[in-house]
Amino acid sequence: MKWIVGAYVVASLITFVVYGFDKRRAGRGGRRVSERTLHLLELVGGWPGALVAGRMFHHKTAKTSYRVVRGAIVVLHLA
């Protein structure tokens, strides 16, 4: 059980950092992280980090199609 919690923590930290990196790149006009990559990080267990980063960085909060997929990933993990 501890390894499962540890895996979620590690995946969430990585996802949080990648969200922050993507937000910085968005503001500076640099090359962005693909939505597919962000969703993959959420899917492998980084969804808690994605939720926190989304609110903290105000990133990926306005795009409804993105939020729907992220929401489905969260529901999948909670089911």
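Scroll up a little and you will see the structure.
Worth saying up front: this structure is predicted, and the values here are computed from it rather than measured.

### Digging into the packing of helix 1 (residues 2-28) against helix 2 (residues 35-57)
At step 1: It is at 7 Å that the axes of helix 1 and helix 2 come closest, and there the two elements cross at 60 degrees. With respect to their mutual orientation, helix 1 and helix 2 come out oblique. Handedness of the crossing formed by helix 1 with helix 2: right-handed.
At step 2: Grouping the amino acids of the contact of helix 1 with helix 2 by side-chain chemistry returns 16 nonpolar, 7 polar and 3 charged.

### Things to note about the nonpolar core
At step 1: The biggest cluster of nonpolar side chains holds 8 residues, and these are Val18, Tyr19, Val33, Leu38, Leu41, Ala50, Ala53 and Tyr66.
At step 2: Those elements giving two or more residues to this core turn out to be helix 1 and helix 2.
At step 3: It is helix 2 that provides the largest number of residues to this core, a total of 4 residues.
At step 4: With sequence-adjacent residues up to four places away left out, Leu38 is seen in contact with Val18, Tyr19, Asp22, Val33, Lys60 and Tyr66.

Rules behind the numbers
- Residues numbered from 1 in each chain as written.
- Predicted model: local features only at pLDDT ≥ 70, side-chain atom pairs only at ≥ 80, totals over all residues.
- Heavy atoms only, no water.
- Axes fitted to C-alpha atoms, helices over the stretch in contact; angles between N-to-C directions.
- Helix = DSSP H or I, 4+ residues; strand = E, 2+ residues; numbered from the N terminus.
- Parallel < 35°, antiparallel > 145°, perpendicular 65-115°, else oblique.
- Left-handed = near helix turned anticlockwise from the far one by under 90°.
- Nonpolar A, V, L, I, M, F, W, Y, C, P; charged D, E, K, R; others polar.
- Core = buried A, V, L, I, M, F, W, Y, C linked by side-chain atoms within 4.5 Å.
- Buried < 20%, exposed > 50% of the residue type's maximum accessible area, 1.4 Å probe, protein only.
- Contact = heavy atoms within 4.5 Å.

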